[in-house]
Amino acid sequence: MPELPEVETIANGVHRRVHGDSVVSVWFSHYREPFKTPPAEMEAALPGLRIARVARVGKHIAFDLSRKSSREIATQWIVHLGMTGRLLVCSPNVPVPPHTHAILRLASGRELRFVDPRRFGRLALHPIEEGAFAGPGREPLTIAPAEFAALFRGRKLAIKPALLNQSLLHGVGNIYADESLFRARIRPTRHAGRLTQEELKRLRTALQAVLRQAIRAGGSSISDYVDADGEEGFFQIQHKVYGREGQPCRVCGTPIRRIVLGGRSTHFCPHCQK
Ligand SMILES: [Zn+2]
């Protein structure tokens, strides 16, 4: 599952390659799952539109599309990569890989392709009349300290599943939740509503630092995501706890523990995290 840093890297990579280009025609596969908006609706809407900007919103990639003569955004095309979705920008001569579900042919002659073997990814149009696509929760990289603290006030669940709750913060996934709780020295099982102001402050700082570090590194390379060119785009950041069960904590040497919390594999140092 690509996490926020991977999605940011992909969105930025796609933006660099296609902004200013226009959609000439589109093709969609016959599978139903990838299309939150019916393909016929997208076929009617997309051709002729100019790609003004591509940016990450939560774990979604939002394409701002305008009419050629106008700077105003006419509609947004929203891509969620799901588990295995990829966006490729390539020449039409490149063989179309299996599991390709969408092809946008661009005025430059290139194609933007959406490939997704497991079909958990989603493509949709977002009508701009409803305001810019904002996703379900708050943006972890820009949320203010007071708003961050308010998200967890009175919450009876553990802080780790609270961090993963996309209707609170959007885009935080399993790896970076574990890594930021380690940095903030907070045990993942702690009651979200009982964290002190000081701990919440540390957690927000840690979460933002971990995400920014991963974005700088190009996202974490735990899987076979490729960037918009189809090339390997990701470099592993050094995980402090994630995936390190039984290995010594990089701070104190205590073996890292793994538990299952809210159905998700959770890693922490029983000494450093209180
Ligand atoms: Zn430790």
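Everything numeric here is computed off the predicted structure, so don't read it as measured data.

## Some details on the overall build of the protein
Link 1 in the chain: Assigned secondary structure in the protein consists of 6 helices and 10 strands.
Link 2 in the chain: For 274 residues, the compact-globule estimate of 2.2 N^0.38 gives 19 Å, and the protein sits close to it at 20 Å.
Link 3 in the chain: Taking all contacts inside the protein whose residues are at least 6 apart in sequence as the whole, residues at least 24 apart take part in 63%.
Link 4 in the chain: When the accessible surface of the protein is totalled, it reaches about 12,600 Å², and 50% of it is carbon and sulfur.
Link 5 in the chain: When the 40 basic and 25 acidic side-chain charges of the protein are each reduced to a single mean position, those positions are 8 Å apart.

## Brief notes about the layout of surface pockets
Link 1 in the chain: The computed volume of the largest pocket comes to approximately 290 Å³.
Link 2 in the chain: For the largest pocket, the lining is made up of 17 residues, of which Met-1, Lys-59, Gly-173, Asn-174 and Arg-264 are closest to its centre.
Link 3 in the chain: Taken together, the residues of the lining of the largest pocket sort by class into 7 nonpolar, 7 polar and 3 charged.
Link 4 in the chain: Reported here for the second largest pocket is a volume of approximately 200 Å³.
Link 5 in the chain: Lining the second largest pocket are Lys-36, His-60, Ile-78, Val-79, His-80, Arg-122, Leu-123, Ala-124, Leu-125, His-126 and Phe-133.
Link 6 in the chain: For the lining of the second largest pocket, the secondary structure elements donating two or more residues are strand E4 (73-80) and strand E8 (122-127).
Link 7 in the chain: The greatest single-element share of the lining of the second largest pocket, amounting to 5 residues, is contributed by E8.
Link 8 in the chain: For the lining of the second largest pocket, a count of residues per class yields 6 nonpolar, 3 polar and 2 charged.

## Examining the coordination of the zinc ion
Link 1 in the chain: Listed as protein donors to the zinc ion are Cys-249 (SG), Cys-252 (SG), Cys-269 (SG) and Cys-272 (SG); their distances from the metal cover 2.2 to 2.4 Å.
Link 2 in the chain: Between the 4 donor atoms coordinating the zinc ion, the angles at the centre fall across 101 to 114°, so the site counts as tetrahedral.
Link 3 in the chain: Coordination of the zinc ion draws on donor residues from a single chain, spaced C-x2-C-x16-C-x2-C in sequence. Placement of Cys-249 in the loop between helix H6 (197-216) and strand E9 (257-261) and of Cys-272 in the segment after strand E10 (264-268) is noted, with a sequence separation of 23 residues between them.

## Quick word on helix H5 (residues 174-183)
Link 1 in the chain: When you tally the buried positions in H5, you get 9 out of 10 residues, the bulk of the element.
Link 2 in the chain: Looking at H5, one finds that the buried residues are Asn-174, Ile-175, Tyr-176, Ala-177, Asp-178, Glu-179, Ser-180, Leu-181 and Phe-182.
Link 3 in the chain: Those residues of H5 hidden inside the fold are in contact with helix H1 (4-18), helix H4 (159-164), H6 and E10.
Link 4 in the chain: Looking one or two residues past H5, Arg-185 carries a phi angle of roughly 60°, positive in sign.

## Some words on the environment of Ser-70
Link 1 in the chain: Assignment of secondary structure puts Ser-70 in the loop between strand E3 (60-67) and E4.
Link 2 in the chain: Counting along the chain gives 191 residues from Ser-70 to Leu-261, while the straight-line C-alpha distance between them is 49 Å.

## With respect to the pattern of salt bridges
Link 1 in the chain: According to the stated counting rule, one finds 8 salt bridges in the structure shown.
Link 2 in the chain: The closest approach of N and O atoms between Arg-110 and Asp-21, which form a salt bridge, is 3.0 Å. You can see Arg-110 sitting in the loop between strand E6 (100-106) and strand E7 (111-115) and its partner Asp-21 sitting in the loop between H1 and strand E1 (23-28), a full 89 residues away along the chain.
Link 3 in the chain: Arg-110 sits in the partly exposed class, given a relative accessible area of 26%.
Link 4 in the chain: For Asp-21, a relative accessible area of 8% translates into the label buried.
Link 5 in the chain: The partner of Glu-147 in a salt bridge is Arg-138, and the shortest N-O contact between them spans 3.1 Å.
Link 6 in the chain: A network of salt bridges, in which partner residues are shared, links Glu-8, Arg-56 and Glu-139.

Calculation rules
Residues numbered from 1 in each chain as written. Predicted model: local features only at pLDDT ≥ 70, side-chain atom pairs only at ≥ 80, totals over all residues. Heavy atoms only, no water. Helix = DSSP H or I, 4+ residues; strand = E, 2+ residues; numbered from the N terminus. Rg over C-alpha atoms; globule rule 2.2 N^0.38 Å. Contact = heavy atoms within 4.5 Å. Areas by Shrake-Rupley, 256 points an atom, 1.4 Å probe, with all protein chains shown as cover. Lys, Arg positive; Asp, Glu negative; His and termini not counted. Charge placed at Lys NZ, Arg CZ, Asp CG, Glu CD. 1 Å grid on protein atoms, 1.4 Å probe; cavity = no way out; pocket = protein on both sides within 12 Å on 5 of 7 lines; lining within 4 Å. Points joined across faces, edges and corners; volume = space filled by probe spheres on them. Nonpolar A, V, L, I, M, F, W, Y, C, P; charged D, E, K, R; others polar. Donors = N, O, S within 2.8 Å, 3.2 Å for Na, K, Ca; no water. Tetrahedral: all angles 85-135°; square planar, octahedral: opposite > 155°, others 65-115°. Buried < 20%, exposed > 50% of the residue type's maximum accessible area, 1.4 Å probe, protein only. Salt bridge = Lys/Arg side-chain N within 4 Å of Asp/Glu carboxyl O.

Spatial relationships are all this shows, so hold off on functional conclusions.
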